[in-house]
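Listed below are the residues making up each chain.
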Amino acid sequence: MSSSVLYDAQGPRAKQRNVLYTVLFVLGAAAVVWWVYDGLAEKHQLDWIKWKPFFTSSQPWETYIWPALQNTLKAAFFALIIALPLGALFGIGRMSDHRWVRMPAGFVVELFRAVPVLILMITANAVYAEYTTIDTDVRPLYAVVTGLVLYNFSVLAEIVRAGIESLPKGQAEAAKALGMRKSQVMMFVLLPQAVTAMLPAIVSQLVVIVKDTALGGAMMTFPELLASVRPMSANYGANTIACFTVIAVIFVALNFALTSFASWLERWLRRNKKSKGTTPGGAPETVGEPALVVDDGRAV
């Protein structure tokens, strides 16, 4: 009987048990699916009349879904373009040699990482209502973006810090040996190489931002995708399940497109680095003295 490094090969009785467990799991899953289907059918939630508007008319898409999708993308876009540079700034600040920079940056990052994003949104909305003259029509957008920025910049700060610290220390040492200042080492040596390593985590956080916009619709009447379910369901005969299903499919398609683009971009960056004579991590392929890889890919 052959064996693997991680585990021994299964014997006849173990294989029989695994087959039995698989059959029981499939039967259990089928029973749950049937139970859900039967319950929906009994409530008439699967009747064609409740799904028909999404397939035979453009009104629900033009009146409810498309404007709500625009608001979701708008909030996510503004949150990302503000949170990303803030995250980079505070992530670098946490790595500072100066205690008066490192300690406050760490305190701010840990503070906003610990506070739920919904509380940040509600607090921002209350502050805008009390101390600003922002119009009530756009105040929910400001509150949602503020809450998303405050939470996600703290997460992105940790992503940036981890990405930079994952690089070989020889890169920074070689740059300093050439007389580069700390700011130059960070901007022209470390950050460009860390982008590839950080990209999957950054896109994963963008997916979180897109989904968290739904919190604004649930608590502050922000007209995003999930909030469009209520008026649609009221207008088309209480087809709540159909509305939620359509919105869920849109969220899945949107996030899948983001992750697919990120995967393509990561592969492109890695191929681009390899074509310029560096490994995916940014280090030179040649073996010898420590080399410095600058942002255009040339080894010095």
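This text goes with the structure placed above it.
Reference entry: report on the structure contained in this document. (Residues numbered from 1 in each chain as written. Predicted model: local features only at pLDDT ≥ 70, side-chain atom pairs only at ≥ 80, totals over all residues. Heavy atoms only, no water.)

**Observations regarding the packing of aromatic side chains**
Put simply, the test is: Centres within 6.5 Å are what make two rings of Phe, Tyr or Trp a pair, Trp counting through its six-membered ring; a difference in plane orientation under 30 degrees is then read as stacked, over 60 as edge-to-face, and the rest as tilted. Here a helix means four or more residues in a row that DSSP labels H or I, a strand means two or more in a row labelled E, and each is numbered from the N terminus. Between buried and exposed lies partly exposed: a residue is buried under 20% and exposed over 50% of the maximum accessible area for its type, with that area taken using a 1.4 Å probe on protein chains only.
Tallied over the entire structure, the rule returns nine aromatic pairs. Pairing F54 with W61 gives two aromatic rings, centres 6.4 Å apart and planes at 85 degrees, and the pair type is edge-to-face. On the numbers, 6.4 Å between centres and 80 degrees between planes, the contact of Y64 with Y236 is edge-to-face. In this pair, Y64 sits in helix α3 (residues 59-93) while Y236 sits in the loop between α9 (229-235) and α10 (240-275), placing the two residues 172 residues apart along the sequence. Each member of the pair Y64 and Y236 is classed as buried. Among the aromatic side chains, those forming a connected cluster through ring pairs are F90, F112 and F153.

**Observations regarding unusual backbone geometry**
Residues other than glycine seldom take positive phi values, yet H44 does so here, at roughly 65 degrees. Mapped onto the elements, H44 comes out in the loop between α1 (12-42) and α2 (48-56). One non-glycine residue, T221, lies in positive phi territory at about 55 degrees. With respect to the helices, strands and loops of the structure, T221 is situated in the loop between α8 (182-219) and α9.

**Digging into helix α7 (residues 169-177)**
Since the α-helix turns once every 3.6 residues, residues separated by three or four places project in the same direction. Note the threshold: Comment: arc refers to directions from the helix axis out to C-beta atoms.
Along α7, the residues that are buried comprise Q171, A172, A174 and A175. Down the axis of α7, the smallest arc covering the buried residues is 160 degrees, so these residues share one side. The exposed set on the far side of α7, more than 90 degrees from its buried face, consists of K169, E173 and A177.

**As for the packing of helix α5 (residues 117-131) against helix α6 (residues 139-165)**
Helix packing geometry: the angle between the two helix axes and the distance between the axes. Stated precisely, the cut-off is as follows: All axes are obtained by fitting lines to C-alpha atoms, using only the stretch in contact for helices, and the reported angles, taken between N-to-C directions, cover 0 to 180 degrees. Each angle is binned into one of four classes, with values under 35 degrees roughly parallel, values over 145 roughly antiparallel, values of 65 to 115 roughly perpendicular, and all other values oblique. By convention, the crossing between two helices is left-handed when the near helix turns anticlockwise from the far helix through less than a right angle, and right-handed when the turn is clockwise. Whether two residues are in contact is decided by their heavy atoms, any of which lying within 4.5 Å being enough. Residues are grouped as follows: nonpolar covers Ala, Val, Leu, Ile, Met, Phe, Trp, Tyr, Cys and Pro; charged covers Asp, Glu, Lys and Arg; every other residue, Gly included, is treated as polar.
α6 packs onto α5 with a crossing angle of 135 degrees between their chain directions and a minimal axis gap of 8 Å. Regarding the angle of α5 to α6, the classification is oblique. Judged by the twist between their axes, the crossing of α5 over α6 is right-handed. Where α5 approaches α6, its residues V117, L120, M121, A124, N125, Y128 and A129 are matched on the opposing element by R139, P140, Y142, A143, V144, T146, G147, L148, L150 and Y151. Taken together, the residues of the contact of α5 with α6 break down into 13 nonpolar, three polar and one charged.

**Structural notes on the side chain of T72**
Counting through the fold element by element, T72 comes out in helix α3. Apart from residues lying up to four places away in sequence, T72 is in contact with V210, T213, E224 and L225.

**Observations concerning the nonpolar core**
What counts here: Among buried residues, the Ala, Val, Leu, Ile, Met, Phe, Trp, Tyr and Cys ones that are joined through side-chain atoms within 4.5 Å form a nonpolar core.
Residues I65, L225 and I247 are the most contacted members of the largest nonpolar core, which totals 37 residues. Among the elements of the structure, α2, α3, α5, α6, α8, α9 and α10 are those that each provide at least two residues to this core. With sequence-adjacent residues up to four places away left out, I247 is seen in contact with I65, L225, L226, S228, V229 and M232. Residues A83, L120, V160 and M186 belong to the second largest nonpolar core, which totals 20 residues.

**Some thoughts on the pattern of salt bridges**
For clarity, the threshold we go by: Any Lys or Arg side-chain nitrogen found within 4 Å of a carboxyl oxygen on Asp or Glu counts as a salt bridge.
Summed over all chains, the structure comprises six salt bridges. Across the salt bridge formed by E110 and R113, the nearest N and O atoms sit 3.3 Å from each other. Taken as a pair, E110 and R113 lie in helix α4 (residues 99-114) at a separation of three residues, close to a single helical turn. Note that R161 and E165 form a salt bridge whose closest N and O atoms lie 3.2 Å from each other. Residue R161 and its partner E165 are located together in helix α6, separated by four residues, close to a single helical turn. Residue classification places R161 among the partly exposed residues on the basis of a relative accessible area of 22%. One network of salt bridges, in which partners are shared, links R94, E110, R113, E158, R161 and E165.

On their own, these measurements won't tell you what the molecule is for.
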